[in-house]
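# Understanding the architecture of this molecule
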Amino acid sequence: MTQQRDDGRRTTSVVLCGVGGQGTILASKLIATAAMDRHIPVKTAETIGMAQRGGSVFSHLRMGVGVATPQVARGTADLLLAFEPAEALRQLGYLAPDGVLVVSSRPVVPVSASTGGPAYDLDAIMGALRARVEPLRLHVVDGTLAMEQLGSTKVLNVVLLGVAARTGALGLTPDDMAQALRQRLPQRLWDLNLRALAWG
C-alpha cells in the first residue's frame, strides 16, 4: 500500500500492462528515468519472455526511499497503467482499493478470437472495469482517437503516461516525463512524443 517517503513524498507502486509492440517496457523505462532525475530510488522488473507482438507484457515498478524490491503485491498498486482493455482486466487484482486505473479503450484482439477461440467482447470488458473501479479513479483514454489526431500508431504509451502524470497517481509531473523523453529518445522523435504527452 502507499507509504510516506522519508522526504515527505509517497512510495509509489505502479503496474504497467499491455501486449507486445505497444511500448510497455519503454514506458516503464521512461518512468524510471524521470524518478532517477528527481533522485527518487526506483526499482523495476519486466516480463520480456512474452514480449513478441500480441503477447501479454507487464512491468512492475516501485519508487521511493526504502523500496527493496520491484515486485508489487496484489491489491497494493497506486496506479495500473493499461495499454489494452483485456490486459487491464487481467491485471486488475494488483490495483489497491484507492488506486487509479488509466486504460486505453483501443482493443488488441488476439488471433485466437478469430480462429475459434473465445470471442473478444470489448463492451463486457469495459463494463467489468467500470463495475470494479470507482468512477473518479478510472480514466479511459480513447487510444484510437489519440493515434488518429497525433498521426502515429506508436505513441499510445506516451499518451497514457501523460494522462497518468496528470492524475497525480504517478507521483511524477508531465514536465518530469518530458525531460525523461528527451533523455531516452532521439531528438527527431521529441516533437511527436511531447505532443503525445500533452494530448487529451
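The notes below deal with the structure included here. All values derive from a computational prediction rather than experimental measurement. (Residues numbered from 1 in each chain as written. Predicted model: local features only at pLDDT ≥ 70, side-chain atom pairs only at ≥ 80, totals over all residues. Heavy atoms only, no water.)

With that settled, consider the nonpolar core. What tends to happen in soluble globular proteins is that the nonpolar side chains get buried as a cluster. Counting 42 residues, the largest nonpolar core has I31, M63, V102, L170 and M177 as the members making the most contacts within it. Per element, the largest residue contribution to this core is 8 residues, and it comes from helix α5 (residues 156-167). In this structure, V15, L95, L101 and L138 belong to the second largest nonpolar core, which totals 18 residues. (Core = buried A, V, L, I, M, F, W, Y, C linked by side-chain atoms within 4.5 Å. Buried < 20%, exposed > 50% of the residue type's maximum accessible area, 1.4 Å probe, protein only. Helix = DSSP H or I, 4+ residues; strand = E, 2+ residues; numbered from the N terminus.)

Tracing the backbone through its elements, the reader meets Q22 in the loop between β2 (10-19) and α1 (24-37). Of note is the side chain of Q22, whose polar atom sits 2.9 Å from the backbone nitrogen of V19. Within the structure, the side chain of Q22 is placed 3.0 Å from the backbone oxygen of F83, a separation counted as a polar contact. If we skip the residues at most four places from it in the chain, Q22 touches F83, E84, V108, L156 and N157. (Polar contact = N/O pair within 3.5 Å; in protein donor to acceptor, adjacent residues only side chain to side chain. Contact = heavy atoms within 4.5 Å.)

Right, let's get into the packing of aromatic side chains. Under the definition given, this model contains 0 aromatic pairs. The side chain of R74 reaches across the aromatic face of Y94, ending 4.9 Å from its centre. (Phe/Tyr/Trp six-rings, centres within 6.5 Å; stacked < 30°, edge-to-face > 60°. Lys NZ or Arg CZ within 6 Å of the ring centre and 35° of its normal.)

Time to look at the packing of helix α6 (residues 174-184) against helix α7 (residues 190-198). At a minimum axis separation of 10 Å, α6 and α7 run at an interaxial angle of 160°. By the criterion of interaxial angle, the relationship of α6 to α7 is roughly antiparallel. The hand of the α6/α7 crossing is right-handed. Residues P174, M177, A178, L181 and R182 of α6 form the contact with α7, whose participating residues are W190, N193, L194 and L197. Tallied by class, the residues present in the contact of α6 with α7 amount to 7 nonpolar, 1 polar and 1 charged. (Axes fitted to C-alpha atoms, helices over the stretch in contact; angles between N-to-C directions. Parallel < 35°, antiparallel > 145°, perpendicular 65-115°, else oblique. Left-handed = near helix turned anticlockwise from the far one by under 90°. Nonpolar A, V, L, I, M, F, W, Y, C, P; charged D, E, K, R; others polar.)

Let's shift gears to the pattern of salt bridges. Here the idea is simple: oppositely charged side chains can pair when their charged atoms come close. Per the counting criterion, the structure on display carries 4 salt bridges. The partner of R38 in a salt bridge is D176, and the shortest N-O contact between them spans 2.9 Å. Of this pair, R38 sits in the loop between α1 and β3 (42-46) while D176 is found in helix α6, placing the two residues 138 residues apart along the sequence. Residue classification places R38 among the partly exposed positions, given a relative accessible area of 27%. In this structure, the salt-bridge partner of R90 is E87, at a minimum N-O distance of 3.0 Å. Residue R90 and its partner E87 are both found in helix α2 (residues 85-91); the two are separated by 3 residues, about one turn of the helix. For E87, a relative accessible area of 5% puts it in the buried group. (Salt bridge = Lys/Arg side-chain N within 4 Å of Asp/Glu carboxyl O.)

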